Amino acid sequence: MKYECKKDQNALLGAKQTPEIIVVPRWNFIALGGEGDPNQEDFTEHVGALYSLAYTLKFAYKAACVKDPGISAQSGYDDFSVFPLEGVWNTKNTADPRDKASYLYTIMIRQPDFITKDLFEAALETARRKKPHPLLGEIAFLSMEDGLCVQALHAGPFDDEPATFVRMDRLVAERGYARAAHIHREIYFSDTRKTTPEKLRTILRYRIKAR
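As the structure is a prediction and not an experimental result, all values here were calculated from the model. (Residues numbered from 1 in each chain as written. Predicted model: local features only at pLDDT ≥ 70, side-chain atom pairs only at ≥ 80, totals over all residues. Heavy atoms only, no water.)

**Student:** For the side chain of Asp 79, give the residues involved together with the corresponding values.
**Tutor:** Among the secondary structure elements, Asp 79 is positioned in strand 3 (residues 79-80). Within the structure, the side chain of Asp 79 is placed 2.9 Å from the side chain of Lys 58, a separation counted as a polar contact. Beyond its immediate stretch of four places on either side in the chain, Asp 79 contacts Met 1, Lys 2, Tyr 3, Lys 58, Tyr 61, Lys 62 and Phe 114. (Helix = DSSP H or I, 4+ residues; strand = E, 2+ residues; numbered from the N terminus. Polar contact = N/O pair within 3.5 Å; in protein donor to acceptor, adjacent residues only side chain to side chain. Contact = heavy atoms within 4.5 Å.)

**Student:** How would you sum up the pattern of salt bridges? Please name residues and give values.
**Tutor:** With the rule as written, the count across this model stands at seven salt bridges. When the shortest N-O distance is used, the salt bridge between Lys 58 and Asp 79 registers 2.9 Å. Here Lys 58, found in helix 3 (residues 41-67), pairs with Asp 79, found in strand 3; they are 21 residues apart in sequence, far enough to count as distant. Classification of Lys 58 as buried rests on a relative accessible area of 8%. The exposure class of Asp 79 is buried, given its relative accessible area of 10%. Through salt bridges with shared partners, a single ionic network connects Lys 58, Lys 62 and Asp 79. (Salt bridge = Lys/Arg side-chain N within 4 Å of Asp/Glu carboxyl O. Buried < 20%, exposed > 50% of the residue type's maximum accessible area, 1.4 Å probe, protein only.)

**Student:** Describe in detail the packing of aromatic side chains, supporting the description with residues and values.
**Tutor:** Under the counting rule described, the total for this entry stands at 16 aromatic pairs. Residues Tyr 3 and Phe 83 carry aromatic rings whose centres are separated by 6.1 Å and whose planes lie at 35° to one another, so their mutual orientation is tilted. Of this pair, Tyr 3 sits in strand 1 (residues 2-3) while Phe 83 sits in the loop between strand 3 and strand 4 (85-91); the two residues are 80 residues apart in sequence, bridging distant segments of the chain. Considered together, Tyr 3 and Phe 83 belong to a single accessibility category, that of buried residues. Measuring from ring centre to ring centre gives 6.3 Å for Tyr 55 and Phe 59, while their planes differ by 35°; the resulting arrangement is tilted. (Phe/Tyr/Trp six-rings, centres within 6.5 Å; stacked < 30°, edge-to-face > 60°.)

**Student:** Lay out the environment of Leu 200 in plain terms, naming residues and giving numbers.
**Tutor:** By the secondary structure assignment, Leu 200 is in the loop between strand 8 (184-188) and strand 9 (201-210). Between the C-alpha atom of Leu 200 and that of His 154, which follows or precedes it by 46 residues, the distance is 8.1 Å. In this structure, Leu 200 is in contact with His 154, Ala 155, Gly 156, Pro 157, Phe 158, Ser 190, Thr 192 and Thr 195, ignoring residues within four places of it in sequence.

**Student:** With reference to specific residues and values, describe the confidence of the model for the chain.
**Tutor:** Overall, the prediction assigns the chain a mean pLDDT of 93, with 98% of residues at 70 or greater. By mean pLDDT, the top-scoring element of the chain is strand 7 (residues 177-179) (98), and the lowest-scoring one is helix 1 (residues 5-8) (68). (pLDDT = per-residue confidence, 0-100.)

**Student:** Tell me what's going on with the packing of helix 3 against helix 5 (residues 117-130), and back it up with residues and numbers.
**Tutor:** The interhelical angle for the contact between helix 3 and helix 5, taken along N-to-C directions, is 115°, at an axis separation of 9 Å. Two packed elements cross with a definite hand, and for helix 3 against helix 5 that hand is right-handed. Judged by residue contacts, Leu 53, Thr 56, Leu 57 and Tyr 61 of helix 3 engage Leu 119, Phe 120, Ala 123, Leu 124, Thr 126 and Ala 127 from helix 5. Per-class residue counts for the contact of helix 3 with helix 5 are eight nonpolar, two polar and no charged. (Axes fitted to C-alpha atoms, helices over the stretch in contact; angles between N-to-C directions. Left-handed = near helix turned anticlockwise from the far one by under 90°. Nonpolar A, V, L, I, M, F, W, Y, C, P; charged D, E, K, R; others polar.)

**Student:** How would you summarise the side chain of Thr 91 if you had to cite specific residues and measurements?
**Tutor:** Mapped onto the secondary structure, Thr 91 falls in strand 4. Residue Thr 91 is classed as buried on the basis of its relative accessible area, which comes to 9%. Separated by 3.0 Å, the side chain of Thr 91 and the backbone nitrogen of Asn 93 make a polar contact. Excluding residues that lie within four positions of it along the chain, Thr 91 makes contacts with Asp 99, Ser 102, Tyr 103, Leu 104 and His 182.

**Student:** Residues and numbers for the nonpolar core, please.
**Tutor:** Considering soluble globular proteins, one finds that nonpolar side chains tend to be buried as a cluster. The biggest cluster of nonpolar side chains holds 33 residues, and the ones touching the most others in it are Ile 30, Leu 50, Leu 53, Ile 107, Ile 109 and Ile 139. Taken together, the elements giving at least two residues each to this core come down to strand 2 (20-35), helix 3, strand 4, strand 5 (103-111) and helix 5. Looking at this core element by element, the count peaks at nine residues for helix 3. Every residue in contact with Ile 109, bar those within four places of it in the chain, is listed here: Phe 29, Ile 30, Leu 50, Tyr 51, Ala 54, Val 82, Phe 83, Pro 84 and Leu 85. (Core = buried A, V, L, I, M, F, W, Y, C linked by side-chain atoms within 4.5 Å.)

Okay, here's the thing in structure tokens:
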């Protein structure tokens with residue numbers, strides 16, 4: 001059976017344009033940090049390296065299940081779909097959040113619970129051997145728990161995100177919460193190489209706390 005991420009996590013990946021308060025549990029990710037304008041080639045290189053490892057890990061798990069059916073018997077799955085790309089964003093220039101050259105980011109791809117650090121390390125070694133890339137050595141396997149958050153689906157260009165954040169901020173204030181940190185998370189459902197800006201779909205999410 002194939003683990004389908006969007007079906008399994010519909011409540012969190014099926015965000016609507018109307019903001020909502022949610023609780024995000026602890027999950028595992030493969031992650032890669034960087035900085036600078038995401039429209040530049042360096043960001044594209046980071047994304048490419050991360051996806052290269054994500055698919056190497058997926059195919060390595062499938063092969064392991066064929067070799068040892070006990071693996072899939074234990075997890076209930078012999079394959080899984082690769083999760084959407086996510087990014088946690090910050091900036092060195094808090095006075096001007098549109099200064100893209102000052103952006104700090106960690107891009108990541110969530111992993112199913114049955115993908116362990118040992119499987120990650122084996123896949124990383126395979127990727128280094130078959131598809132060498134200088135950024136592969138910077139990819140980490142980590143666990144993150146966002147907890148209490150507000151999220152909304154943003155439809156349209158990335159540069160129009162502030163309008164969606166305004167709606168999210170309004171709900172947070174109405175419910176008696178406050179933003180917990182300046183950083184925010186984005187989950188991407190569109191391939192920017194093939195999708196026009198007005199058709200982009202992105203989940204925006206940030207952590208909140210009681211005031």
